[in-house]
Amino acid sequence: MADVLDLICYPIKGCAGTSTSDAFVTPAGLAHDRSFMVISEDGVYRTQRRHPRLALIRPAVSADGTRLVLDSADSTGRYETVRLDVTTSAPRRDIDLFGAAFQGIDQGDDAAAWLSEVLGAPSRLVRVPPEHDRVADGLTPGPSGYADSSAVHLLSRASLTLLDRRMAERGAPPLSMNRFRPNIVVDSRNGHGHDSDGGDWAAVPHGEDRARRITIGGAELCYAKLAVRCAVTPVEQEVGARRGPESLRTLAGCRRAASGGVVFGAKFSVIRPGKLSVGDEVVVQEWGDAELQEHIVR
């Protein structure tokens, strides 16, 4: 039996996340998740891959999505908090997200000036327009905002525990969960109970790889793909800087997708929107085979 251990929303793509005890899952993921994005002046998306200082930006969006607060975790305290009225009526501008053309609603010069100073590069902030119609691919395609791909990223505590053990064998220190930026963290419920396959799936590392249909609270999720890891995971989120080759070095030897790429965690599409809460039971209704290279240790 498995429960929700943590729910994390990332209002601005690439910036710090905020844990919450309750969240509503929309067709495009947790409410307000990746609904904003930092772009260059010519409209190209910014992420921690090239701008690790994004991790130091702590956004907070109001429940109704009409107000946005930008704060910085920079230890010098040099950046003042900025409070913005979110606009959905400003002119659209063309943006580039992984080479695909979309549009965003520019959030004004105050946000742009603050972000440009923090990142040390001319930047603008855009919001997903109401007419945004992006559909992420995968086994179950589904709507997505400015996330890398599918709407929801789910990761179990057992998977991270195993990874930490493997890294320790290489002399590397453990990593915090925020390196992997999941939306839903799942943990075993006291190591007892069972779900539809007769086992305590969240106690087994990478159980999320095989889950194909999940119900949590009032929501239903279906598997899209494994989460391909990139140069973000070596970024220490608390300082906004890269710290060596982990976790990629260890994952490269044991976690590769059949289609290619180093993977850790799973992405899901939202089939039925609904409310989630920390402590909700995570029930796997259908199972499948993990999409891993057969010769890789799971």
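Structure report, in brief. For every chain, the first residue of the written sequence is number 1, and numbering continues from 1 along that sequence. Residues qualify for local features only when their pLDDT is at least 70, as the model is predicted, and side-chain atom pairs are given and counted only at 80 or more; totals for whole chains, interfaces and linings, by contrast, use all residues. Side-chain metrics in this entry use all non-hydrogen atoms of the structure; hydrogen atoms and water are not considered.

## Notes on the overall build of the protein
Stated formally: Per the convention used, a helix needs a DSSP run of H or I reaching at least four residues, while a strand needs a run of E reaching at least two, with both numbered from the N terminus. Restricting the calculation to C-alpha atoms gives the radius of gyration, and the globule rule supplies 2.2 Å times the number of residues raised to the power 0.38. Surface accessibility follows the Shrake-Rupley procedure with a 1.4 Å probe radius. Residue values consider only the protein chains on display as shielding. Under the convention used here, Asp and Glu are negative, Lys and Arg are positive, and both His and the chain ends fall outside the count. Here the site of a charge means NZ on Lys, CZ on Arg, CG on Asp, or CD on Glu.
Of the regular secondary structure elements, the protein holds three helices and 22 strands. Relative to its length of 298 residues, the protein is compact, with a C-alpha radius of gyration of 19 Å against a globular reference of 19 Å. Taking the principal axes of the C-alpha coordinates as reference, the protein spans close to 55 × 45 × 35 Å. Entry remark: accessible area of the protein is about 12600 Å², with carbon and sulfur atoms responsible for 50%. Placing the 36 positive and 39 negative side-chain charges of the protein at their respective mean positions leaves the two points 4 Å apart.

## Notes on the sheet that holds strand E9 (residues 92-97)
As a reminder of what qualifies: When DSSP finds two or more bridges between a pair of strands, those strands are recorded as paired. Axes here mean lines fitted to C-alpha atoms, for a helix over just the part in contact, with angles spanning 0 to 180 degrees between N-to-C directions. Contacts between residues were defined by any pair of non-hydrogen atoms, one from each residue, lying within 4.5 Å.
Taken in spatial order, the four strands of this open sheet run E5-E11-E10-E9, and their pairing is antiparallel. Edge positions in the sheet fall to strand E5 (36-40) and E9, since each has one partner strand and no second. Recorded for the sheet is a direction-independent mean angle of 55° between the axes of neighbouring strands. With five bridges joining them, E5 and strand E11 (residues 123-127) adopt antiparallel strand pairing. Considered in E11, the bridge of Val38 is made with Leu125. Seen against the sheet, helix H1 (residues 109-119) touches E5 and E11 and runs at an angle of roughly 130° to E11.

## A short note on the pattern of salt bridges
How we decide: Here, a salt bridge means any Lys or Arg side-chain nitrogen found within 4 Å of an Asp or Glu carboxyl oxygen. Under the scheme applied here, a residue whose accessible area is under 20% of the maximum for its type counts as buried, over 50% as exposed, and between as partly exposed, the area being computed with a 1.4 Å probe on protein chains only.
Throughout the structure, instances matching the rule amount to 20 salt bridges. With its nearest N and O atoms 2.6 Å apart, the salt bridge here joins Asp148 to Arg49. Of this pair, Asp148 sits in the loop between strand E13 (142-143) and strand E14 (152-156) while Arg49 sits in the loop between E5 and strand E6 (57-61), and the two are 99 residues apart along the sequence. Here Asp148 falls in the partly exposed class, since its relative accessible area comes to 33%.

## A few points about unusual backbone geometry
In this structure, Ser247 follows Glu246 across a cis peptide bond, with omega equal to 10°. Relative to the assigned elements, Ser247 resides in the loop between strand E19 (241-242) and helix H3 (248-252).

## Quick word on helix H2 (residues 157-169)
The test is simple: Helix span, as expected, comes to 1.5 Å for every residue beyond the first.
Compared with an ideal rise of 1.5 Å per residue, which puts 13 residues at 18 Å, H2 spans 19 Å between its outermost C-alpha atoms and is within 8% of the ideal. Three or more residues of H2 are buried, namely Ala158, Ser159, Leu160, Leu162, Leu163, Asp164, Arg166 and Met167. Buried residues along H2 sit in contact with E14, H3 and strand E20 (263-272). Remark: Gly171 follows H2 within two positions and exhibits a positive phi of approximately 85°.

## Thoughts on the side chain of Asp280
Checked against the element boundaries, Asp280 lands in the loop between strand E21 (274-277) and strand E22 (281-287). Although Asp280 is buried, it makes no salt bridge; Arg189 carries the closest opposite charge, 8.0 Å away. Among all residues touching Asp280, those that are not within four sequence positions of it are Ala2, Asp3, Val4, Ile216, Gly217 and Lys275.

## A closer look at the sheet that holds E6
Strand order in this open sheet of three strands is E6-E7-E8, and the pairing throughout is antiparallel. Looking at which strands have only one partner, the edges of the open sheet turn out to be E6 and strand E8 (82-85). When strand polarity is set aside, the average angle formed by the axes of neighbouring strands in this sheet is 20°. In terms of strand pairing, E6 meets strand E7 (residues 67-72) through five bridges, oriented antiparallel. Each bridged residue has a counterpart across the sheet, and for Arg58 the counterpart in E7 is Asp71.

## Observations concerning the packing of aromatic side chains
Note the following rule: Working definition: rings of Phe, Tyr and Trp (its six-membered ring) pair if their centres are within 6.5 Å, and the pair is stacked with planes under 30 degrees apart, edge-to-face with planes over 60 apart, and tilted otherwise. Comment: the charge-over-ring label is applied if NZ (Lys) or CZ (Arg) is within 6 Å of the ring centre and within 35 degrees of the ring normal.
For the structure shown, the criterion picks out four aromatic pairs. Arranged with centres 4.7 Å apart and planes meeting at 50°, the rings of Phe180 and Phe264 form a pair that is tilted. Of this pair, Phe180 sits in the loop between H2 and strand E15 (184-188) while Phe264 sits in strand E20, and the two are 84 residues apart along the sequence. In this structure Phe180 comes out as buried when scored by relative accessible area, which is 1%. Across the ring face of Tyr223, the terminal group of Arg212 is positioned such that the distance to the ring centre comes to 3.9 Å.

## Description of the environment of Ala101
Mapped onto the elements of the fold, Ala101 is located in strand E10 (residues 100-106). A relative accessible area of 71% means that Ala101 is categorised as exposed.

## Points about the nonpolar core
Using the following cut-off: Think of a nonpolar core as a cluster: buried Ala, Val, Leu, Ile, Met, Phe, Trp, Tyr and Cys residues, connected wherever their side-chain atoms sit within 4.5 Å.
Core analysis: the largest hydrophobic core is formed by 31 residues, its most contacted members being Ile184, Val186, Ile214, Ile216, Phe268 and Val282. Where this core is concerned, the elements lending two or more residues are strand E1 (2-9), strand E3 (22-26), E14, E15, strand E16 (211-216), strand E17 (219-228), E20 and E22. Among all residues touching Phe268, those that are not within four sequence positions of it are Ser150, Ala151, Val152, Leu154, Glu208, Ala211, Ile214, Leu221, Cys222, Tyr223 and Ala224. Cys15, Phe36, Leu84 and Trp114 belong to the second largest nonpolar core, which has 18 residues in total.

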